[in-house]
Amino acid sequence: GGWSYIIYGQYSRRFFLMEYPNCDIIDNQLHHIGDGYCKKEYNTPECNYDGDDCIQFNEDYPYCDVLYPPRIGDGTCYKVYNTTECGYDGG
């Protein structure tokens, strides 16, 4: 029935590949796409900017190239994020 189709689609990556056919990601990392946290490695057009998780980051800091974008503006000042491109760690 319907549930077996859904379960098979999720288990086989079928649904993921339909939405992100060119996203370079390994199976055990699929849960990171669209989980609410922007990750540099999936902030690509092919991964739809981490399932839209990076849209706001890209708008706010278009030239900021950092490993872990959620650290910007998290209340802790990190030297590597304290740059003009990264808005001085989010202000």
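Because the structure is a prediction, the values reported are computed rather than measured.

K.L.:
Mind showing me how you'd approach the pattern of salt bridges here?
P.N.:
Pairs can form between side chains of opposite charge once their charged atoms are near each other. For the structure on display, the rule yields 3 salt bridges. D35 is the salt-bridge partner of K39, the closest N and O atoms lying 2.8 Å from each other. For D65, the salt bridge identified is with K40, shortest N-O distance 3.0 Å. In this pair, D65 sits in the loop between α4 (55-60) and α5 (87-90) while K40 sits in the loop between α2 (14-19) and α3 (48-51), placing the two residues 25 residues apart along the sequence. Note on D65: relative accessible area 61%, which makes it exposed. A cluster of three or more residues bridged by salt bridges with shared partners is formed by D35, K39 and D50.

K.L.:
I keep staring at the nonpolar core and nothing clicks. Help me out?
P.N.:
Soluble, globular proteins show a tendency: their nonpolar side chains are buried together. By size, the foremost hydrophobic cluster in this structure holds 9 residues: C38, C54, F57, Y61, C64, V66, I72, Y81 and C86. Setting aside anything within four residues of it in sequence, one finds F57 in contact with C38, N43, P62, C64, V66, P69 and I72.

K.L.:
In this structure, what is going on with the environment of C86? I would like to understand it.
P.N.:
Within the secondary structure layout, C86 lies in the loop between α4 and α5. Leave out the neighbours within four places in its chain, and C86 touches Y61, C64, V66, I72 and Y81.

K.L.:
I tried to follow the environment of H31 on my own but got confused; where do I start?
P.N.:
By the element assignment, H31 lies in the loop between α2 and α3. Taking relative accessible area as the criterion, H31 reaches 52% and is therefore assigned exposed. Here the side chain of H31 touches H32 through a polar contact of 3.3 Å, side chain to side chain.

K.L.:
Is there a simple way to explain the state of the cysteines in this structure?
P.N.:
Disulfides are covalent bonds that link the sulfur atoms of two cysteine residues. If you walk through the whole model with that rule in mind, you get 3 disulfides. Sulfur-sulfur distance for the disulfide between C23 and C47 comes to 1.9 Å. A torsion of 90° about the S-S bond marks the disulfide between C23 and C47 as right-handed. Separated by 24 residues along the polypeptide, C23 in the loop between α2 and α3 and C47 in the loop between α2 and α3 bring together distant segments of the chain. The residues C23 and C47 share a single accessibility class, namely buried. Paired through a disulfide, C38 and C54 show a sulfur-sulfur distance of 2.0 Å. Between C38 and C54, the S-S dihedral sits near 105°, and the bridge is therefore right-handed. Of this pair, C38 sits in the loop between α2 and α3 while C54 sits in the loop between α3 and α4, and the two are 16 residues apart along the sequence. Its relative accessible area of 5% is what places C38 among the buried residues. Disulfides within the chain link the bonded cysteines, taken in sequence order, as 1-3, 2-4, 5-6.

Calculation rules
Residues numbered from 1 in each chain as written. Predicted model: local features only at pLDDT ≥ 70, side-chain atom pairs only at ≥ 80, totals over all residues. Heavy atoms only, no water. Salt bridge = Lys/Arg side-chain N within 4 Å of Asp/Glu carboxyl O. Helix = DSSP H or I, 4+ residues; strand = E, 2+ residues; numbered from the N terminus. Buried < 20%, exposed > 50% of the residue type's maximum accessible area, 1.4 Å probe, protein only. Core = buried A, V, L, I, M, F, W, Y, C linked by side-chain atoms within 4.5 Å. Contact = heavy atoms within 4.5 Å. Polar contact = N/O pair within 3.5 Å; in protein donor to acceptor, adjacent residues only side chain to side chain. Disulfide = S-S within 2.5 Å.

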